[in-house]
There are 2 protein chains.
Amino acid sequence: MLNAALDELADSGYAALSVEGVAQRAGVHPATIRRRWRTVEGIMRDALTHKGATEILIPDTGSLQQDLRLLAQAIGSFYTASRNHAFLAGVVSAASLDPSAGDALRDTIAERLRLASAVVHHAVERGELPPDTDAEETIAAMSAPFYYRMLISRRPLDPELPRISADAAYHAARAGAFSLARNDHK
Amino acid sequence: MLNAALDELADSGYAALSVEGVAQRAGVHPATIRRRWRTVEGIMRDALTHKGATEILIPDTGSLQQDLRLLAQAIGSFYTASRNHAFLAGVVSAASLDPSAGDALRDTIAERLRLASAVVHHAVERGELPPDTDAEETIAAMSAPFYYRMLISRRPLDPELPRISADAAYHAARAGAFSLARNDHK
């Protein structure tokens with residue numbers, strides 16, 4: 001039924017997503033959907049938790065710049081698929097409309113940031129970065145331009161964005177922009 | 001009536017926003033609201049266009065790092081107000097639900113990026129940045145972490161974020177991460 005919801009979302013968009021539409025696509029009675037999820041937002045919340053469990057490959061090439069580029073390419077490839085773009089729009093809307101969907105999104109992203117921050121920890125161990133680098137802030141900075149492009153400036157993702165956002169985070173981290181205990185408050 | 005909509009949004013959140021609620025707060029009949037805007041998304045679209053027209057002060061301190069910090073502080077201060085945070089959530093939801101709201105958001109942001117990119121052009125003229133720096137990409141990189149924090153990782157904005165995001169964009173730009181014509185495709 002979650003797959004039916006994601007197919008319906010990809011084909012019709014979030015505005016047209018309804019418990020009835022998902023039921024029809026899944027070939028079940030709307031009451032069956034309603035027993036499991038009261039609302040469209042509830043469907044999005046569980047779809048997110050389900051997708052969030054998908055295994056993420058964390059690169060470990062020995063080079064932070066390369067690791068960040070691979071992570072960024074994975075984000076770019078994922079959202080270039082229009083069904084995943086639609087899924088994101090649905091999840092973010094659901095998060096604004098239903099606190100439990102908002103909590104699910106927050107938890108999913110926290111776990112992904114925690115996993116991906118391994119590439120920053122490895123870079124610190126290799127001496128590539130200042131020891132007090134905030135790993136999750138570094139990964140957030142690499143990721144943020146994709147979401148800004150999709151949700152805020154609303155322009156297409158282009159093939160250059162992964163390299164731009166990875167290299168920007170890399171150079172910023174090298175320069176100490178994500179250091180936790182900077183005394184440079186000027 | 002737009003102010004009534006924004007007050008209602010700030011007090012009740014986007015999930016509870018309705019044509020009826022806005023009408024009650026504005027002291028008019030719901031039909032009056034419906035004549036002007038068919039939907040809640042239509043209200044958000046016009047509120048965005050209205051707010052988008054607010055004058056933005058573009059700093060020109062003679063230092064790119066300082067200019068970016070001032071722009072970032074303005075973003076941080078704006079969204080620290082919970083009514084503006086709620087407004088953003090409403091606008092982004094409306095943009096997913098109604099293409100005309102999506103277009104209004106895209107146009108508003110395009111105009112703001114165009115205006116703010118003056119600080120990058122000035123830095124290029126001063127020789128602070130490579131001449132082929134993509135000015136709007138630089139401003140987008142400085143702005144993106146705020147929206148990522150509010151909409152995706154869903155953690156509070158903290159007072160450090162403006163400095164972190166401004167300095168990250170600054171160092172990335174200095175290192176050429178936003179250069180348009182990089183031959184470094186390794």
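Look up: the structure comes first, before these words.
Bear in mind the structure is a predicted one, so any value in this text is a computation, not a measurement.

**Topic: the relation of the copies chain B and chain A**
In step 1: Superposing chain B onto chain A takes a rotation of 180° plus a shift of 0.0 Å along the axis, which leaves an RMSD of 0.0 Å. Viewed as a symmetry operation, the transformation between the two copies matches a two-fold axis.
In step 2: When you check the interface residues of chain B against chain A, 100% turn up at the interface there too, and the contact is symmetric in its surfaces.

**Here's the deal with the packing of aromatic side chains**
In step 1: According to the stated counting rule, one finds six aromatic pairs over all chains in the structure shown.
In step 2: Here Tyr79 of chain A and Tyr147 of chain A contribute two aromatic rings whose centre-to-centre distance is 5.5 Å and whose plane-to-plane angle is 75°, an arrangement assigned as edge-to-face. Of this pair, Tyr79 of chain A sits in helix α5 (residues 64–80) while Tyr147 of chain A sits in helix α9 (residues 135–152), placing them 68 residues apart in sequence. You'll find Tyr79 of chain A and Tyr147 of chain A in the same group, each marked buried.
In step 3: Aromatic rings pair up to connect Phe78, Tyr79 and Tyr147 of chain A together with Tyr148 of chain B into one cluster.

**Structural notes on the nonpolar core**
In step 1: If you look at the biggest cluster of nonpolar residues, it comprises 125 residues, and the most contacted ones within it are Leu68, Ile139 and Ile152 of chain A together with Leu68, Ile139 and Ile152 of chain B.
In step 2: Sequence-distant contacts of Leu68 of chain B, that is, excluding residues within four places in its chain, are made with Val119, Ile139, Met142, Ala166, Ala169 and Tyr170 of chain B.

**Notes on the interface of chain B and chain A**
In step 1: Listed as interface residues are 42 residues of chain B and, on the opposing side, 42 residues of chain A.
In step 2: Both faces combined, the contact of chain B with chain A buries some 3,800 Å², and carbon together with sulfur accounts for 61% of it.
In step 3: Looking only at chain B, the three residues that lose the most surface to chain A are Tyr148, Ile152 and Arg154 of chain B, adding up to 17% of its buried area.
In step 4: Here chain B is connected to chain A by two salt bridges.
In step 5: A salt bridge links Glu137 of chain A to Arg149 of chain B; its shortest N-O distance comes to 3.3 Å.
In step 6: Our count for the contact surface shared by chain B and chain A stands at four residue pairs in polar contact (both at pLDDT 80 or more).
In step 7: Secondary-structure elements contributing two or more residues to the side of chain B that touches chain A are α6 (82–97), α7 (99–116), α9 (135–152) and α10 (161–174) of chain B.
In step 8: Ranked by residues supplied to the side of chain B that touches chain A, first place goes to α9 of chain B with ten residues.
In step 9: Classifying every residue of the side of chain B that touches chain A gives 24 nonpolar, seven polar and eleven charged.

Analysis parameters
Here, residues in each chain are numbered from 1, in the same order as that chain's written sequence. By the order in which they are written, chains take letters starting at A while ligands take numbers starting at 1. In keeping with the predicted nature of the model, local features appear solely for residues at pLDDT of at least 70, side-chain atom pairs appear and are counted solely at 80 or more, and the whole-chain, interface and lining totals rest on all residues. Only hydrogens and water are set aside when side-chain values are computed; all heavy atoms of the structure are taken into account. Copies are brought into register by a least-squares superposition over C-alpha atoms of residues with pLDDT of at least 70 in both. For this analysis, residues touch if any pair of their heavy atoms sits within 4.5 Å. Aromatic pairing here means that ring centres of Phe, Tyr or Trp (its six-membered ring) are within 6.5 Å. Orientation follows from the plane angle: under 30 degrees is stacked, over 60 is edge-to-face, and everything else is tilted. Counting from the N terminus, the helices are the DSSP runs of H or I reaching at least four residues and the strands are the DSSP runs of E reaching at least two. The cut-offs for exposure are 20% and 50% of the maximum accessible area for each residue type, with area from a 1.4 Å probe on protein chains only; residues under the lower value are buried, those over the upper are exposed, and the others partly exposed. Among the buried residues, those of types Ala, Val, Leu, Ile, Met, Phe, Trp, Tyr and Cys that are joined through side-chain atoms within 4.5 Å form a nonpolar core. Accessible-area loss on putting two parts together, using a 1.4 Å probe and summing over both, is the definition of buried area adopted here. Within this document, salt bridges are pairs made up of a side-chain nitrogen of Lys or Arg and a carboxyl oxygen of Asp or Glu, the two lying within 4 Å of each other. Polar contact is the term for a pair of N or O atoms within 3.5 Å; when the atoms are in protein, one must be able to donate a hydrogen and the other to accept it, and sequence-neighboring residues count only if both atoms are side-chain atoms. Residue polarity is assigned by list, with Asp, Glu, Lys and Arg as charged and Ala, Val, Leu, Ile, Met, Phe, Trp, Tyr, Cys and Pro as nonpolar; anything else, Gly included, falls into the polar class.

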